[in-house]
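Chain by chain, the residues run as shown.
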Amino acid sequence: METNRWIRAKSAIPVIGGSLAYMHDPLTLMRQLYRSHGPVAPVAMPGPGPAAFILGPDACGAVLQNGDKAFVNGWELLVGPFFDRGLMLLDGAEHKQHRRILQQAFTRSRLAAYTAALHPAVAAELDTWQAAERFPAYSALKRLTLNLATQIFMGGHRIADPVELDRVNRAFIDCVQAAGAIMRVAVPGNKWHRATRGRATLDRFLTAQLPAARAAGGDDLFSVLTRVEDEDGTRFGDADVVNHMIFLLMAAHETTTSTVSTAMYYLGRHPDWQDRVRAEAAVLGPEPTVEQLSTLPDLDMVIKECQRLVAPVPVVARRAVKDTEVAGRHVQAGTRAFVCQQLSHYLPELWTGPEAFDPSRFSPHRAEERSHRFAWAPFGGGVHKCLGMAFSNLEARTVLAQILRRFRWSVPAHYTPPMSNVSLPYPKDGLPVDLLPMALIS
């Protein structure tokens, strides 16, 4: 059986404190805490008040579903200043209203329009990929997905200047990585300072583009957000449009990069599955529709398995606003609750050989994800479940299908990416793969 080391770098580490232990090896920390404390595990984390890891599908489901309304978002202490008033940082009636408006930007017809616009944009980016023995797949995908996010979501207001594109890309990275900052005060050169500057860069850029987006009336997300409304006719103001754009651009960019780069790693290690999904993608035309992209069972299983092994969002932050009970354990008001859905993806009572790359576990006759409602939750759950999940999966399918049609790649059998877990997980070495265009294969 293959041992998955994508997340787990070592078999065991001492619990040296929540933040440092998590950055070193999150899955091992989760397992240790689950064995020692059960579904609600106290952990030392920076910030005010007590903190606990929520572990196992029952406990994760209870907090995410939030039946007694005891929990609100806990992101404000981690990235609040940098994704201020994005959908994941809103709660209650305000969250419900903003979500209703945003849903109008993700209807099936609009998803079809976004997807149609993806194909030429992906093709143009892949035209720049060259054969290489150590092609930096993650780095190339990160640039590709940011380009897609700005082009598809911003339409005619996209970033044409590569210097400006790099500046915006760096701003997103700095804002996301602030979640792992130990010092949460802006000191020149530290994570919090870089994220503060990054948020200011994004605000200036989008605010400057807003009048043109409003006037254009186009089908890109930026223009759509300026005019969508709920059933009562309520629309977003300018500040809301900018806040939601920053969050949605980040979410689309990060989740797709995670899914596709994980797929490139595992398909590079498993050429049988790479050939299998390539054959499936080969029957697609150059610009498949949403319906065609949605009927690729092998690719669907691969994507789900990659999101199980490396969840795009491995932990969800919540905060208890009143005393409550989770999976039979008392949680006091003020507790910062870190919902660790990544652990559930590796529990042997839910999955057969959970360390192994085995996409067939998602086949209809096995359907291991049905072992528990929250056995597989790569995008969270409850009222805060990712609104853009459908688009993210369509984007991942589109990108992977084109890569499969154009390239074959491999990674050495002994290679394991050195992962950064400061914020969202990513390979620190850029994920080098041996890349060869299909046109050069006889």
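About the criteria used
- Residues numbered from 1 in each chain as written.
- Predicted model: local features only at pLDDT ≥ 70, side-chain atom pairs only at ≥ 80, totals over all residues.
- Heavy atoms only, no water.
- Pairing = 2+ DSSP bridges.
- Helix = DSSP H or I, 4+ residues; strand = E, 2+ residues; numbered from the N terminus.
- Axes fitted to C-alpha atoms, helices over the stretch in contact; angles between N-to-C directions.
- Contact = heavy atoms within 4.5 Å.
- UniProt positions renumbered as here; feature names shortened; annotations may be inferred.
- Left-handed = near helix turned anticlockwise from the far one by under 90°.
- Nonpolar A, V, L, I, M, F, W, Y, C, P; charged D, E, K, R; others polar.
- Patch = residues over 30% accessible without salt bridge, like charges linked within 9 Å, V, L, I, M, F, W, Y side chains within 5 Å.
- Areas by Shrake-Rupley, 256 points an atom, 1.4 Å probe, with all protein chains shown as cover.
- Salt bridge = Lys/Arg side-chain N within 4 Å of Asp/Glu carboxyl O.
- Buried < 20%, exposed > 50% of the residue type's maximum accessible area, 1.4 Å probe, protein only.
- 1 Å grid on protein atoms, 1.4 Å probe; cavity = no way out; pocket = protein on both sides within 12 Å on 5 of 7 lines; lining within 4 Å.
- Points joined across faces, edges and corners; volume = space filled by probe spheres on them.
- Parallel < 35°, antiparallel > 145°, perpendicular 65-115°, else oblique.
- Expected span 1.5 Å × (residues − 1).
- Core = buried A, V, L, I, M, F, W, Y, C linked by side-chain atoms within 4.5 Å.

Undergrad: Break down the sheet that holds strand S12 (residues 432–437) for me, citing the residues and quoting the values.
TA: Sheet architecture is open: three strands sit in the order S4-S12-S9, paired in antiparallel fashion. Looking at strand neighbours, the two that pair on one side only are strand S4 (132–136) and strand S9 (407–410), the edges of this open sheet. With direction set aside, neighbouring strand axes in the sheet form an average angle of 45°. Pairing geometry for S4 and S12, over three bridges, is antiparallel. Note that in S12 the partner of Pro-136 across the bridge is Pro-432. The strands touched by helix H15 (residues 389–406) are S9 and S12; relative to S9, the strand with the most contacts, the crossing angle is about 90°.

Undergrad: An account of the UniProt feature "binding site: heme" (unreviewed entry) in the chain is needed here, citing residue identities and associated values.
TA: What UniProt calls "binding site: heme" (unreviewed entry) maps, in this numbering, to Cys-386. Setting aside chain neighbours within four positions, we find Cys-386 in contact with Arg-99 and Phe-379.

Undergrad: Tell me about the sheet that holds strand S2 (residues 51–54), residues and numbers included.
TA: Strand order in the open sheet formed by five strands is S1-S2-S8-S5-S3, with mixed pairing between adjacent strands. Whereas interior strands pair on both sides, the edge strands pair on one side only; in this sheet they are strand S1 (40–42) and strand S3 (71–73). Taken over all neighbouring pairs, the strand axes of this sheet differ in orientation by 35° on average, direction set aside. Pairing of S1 with S2 involves three bridges; the strand directions are antiparallel. By the bridge assignment, Ala-41 is partnered in S2 with Phe-53. Here helix H2 (residues 26–37) sits on the sheet and contacts S1 and S2; the angle it forms with S1, its principal contact strand, is near 105°.

Undergrad: I'd like a rundown of the packing of helix H5 (residues 108–126) against H15, residues and numbers included.
TA: Two elements in contact, H5 and H15, have axes separated by 10 Å at closest approach and are oriented at 35°. The crossing of H5 and H15 is right-handed. On the side of H5, the interface is formed by Leu-111, Tyr-114, Thr-115, Leu-118, His-119, Val-122, Ala-123 and Leu-126, while H15 contributes Ala-390, Phe-391, Leu-394, Glu-395, Thr-398, Val-399, Gln-402, Ile-403 and Arg-406. In the contact of H5 with H15, the residues fall into eleven nonpolar, four polar and two charged.

Undergrad: Describe a nonpolar patch on the surface, and please don't skip the residues or the numbers.
TA: Among the surface-exposed residues, Met-183, Val-185 and Val-187 lie close enough to one another that they form a single nonpolar patch of about 260 Å² accessible area. Along the chain, Val-185 falls in the loop between helix H7 (162–177) and helix H8 (191–216).

Undergrad: Just give me the short version of the pattern of salt bridges, but keep the residues and values in it.
TA: Applying the stated criterion across every chain, the model contains 23 salt bridges. When the shortest N-O distance is used, the salt bridge between Arg-406 and Asp-127 registers 2.9 Å. Here the residue Arg-406 occupies a position in helix H15, and Asp-127 occupies one in the loop between H5 and S4, the gap between them amounting to 279 residues. With relative accessibility at 27%, the residue Arg-406 sits in the partly exposed group. Connected through salt bridges with shared partners, the residues Glu-305, Arg-308, Asp-358, Arg-361, Arg-366 and Glu-368 form a single ionic network.

Undergrad: Lay out the layout of surface pockets in plain terms, naming residues and giving numbers.
TA: Roughly 410 Å³ of internal volume is contained in the second largest pocket. Along the walls of the second largest pocket sit 16 residues, with Asn-66, Lys-69, Gly-92, Val-383 and His-384 positioned nearest its centre. Sorting the residues of the lining of the second largest pocket by element identifies helix H3 (57–65), S3 and helix H4 (92–103) as the ones contributing at least two each. Considering every element that reaches the lining of the second largest pocket, the biggest residue donor is H4, with four residues. Class assignment for the residues of the lining of the second largest pocket results in five nonpolar, six polar and five charged.

Undergrad: Explain the packing of H5 against helix H6 (residues 137–154) residue by residue, including any values.
TA: Two numbers describe how H5 lies on H6: the axes approach to 10 Å, and their chain directions differ by 140°. Taken together, the axes of H5 and H6 lie oblique to each other. The way H5 lies across H6 gives a crossing that is right-handed. Contacts between H5 and H6 involve Tyr-114, Ala-117, Leu-118, Ala-121, Val-122, Glu-125 and Leu-126 from the first element and Leu-144, Asn-147, Leu-148, Gln-151 and Ile-152 from the second.

Undergrad: Hey, could you go over H15 for me, with residue numbers and the actual values?
TA: With 18 residues, H15 ought to run about 26 Å at 1.5 Å a step, and its terminal C-alpha atoms sit 26 Å apart, in line with that. Judged by how many residues are buried, H15 sits mostly within the fold: 14 of 18 residues are covered.

Undergrad: Go over the nonpolar core, please, and point to the residues and values.
TA: Formed by 139 residues in total, the largest nonpolar core has its most connected members in Phe-53, Trp-129, Leu-225, Met-245 and Ile-403. A total of 16 residues in this core trace back to one element, the largest contributor, which is helix H10 (residues 238–269). When sequence neighbours within four positions are dropped, the list of residues in contact with Leu-225 reads Leu-102, Ala-105, Phe-236, Val-241, His-244, Met-245 and Leu-248.

Undergrad: Lay out the environment of Ser-261 in plain terms, naming residues and giving numbers.
TA: The topology assignment puts Ser-261 in helix H10. Taking relative accessible area as the criterion, Ser-261 reaches 2% and is therefore assigned buried. Taking the C-alpha atoms as reference, Ser-261 lies 28 Å from His-365; in sequence the two are 104 residues apart.

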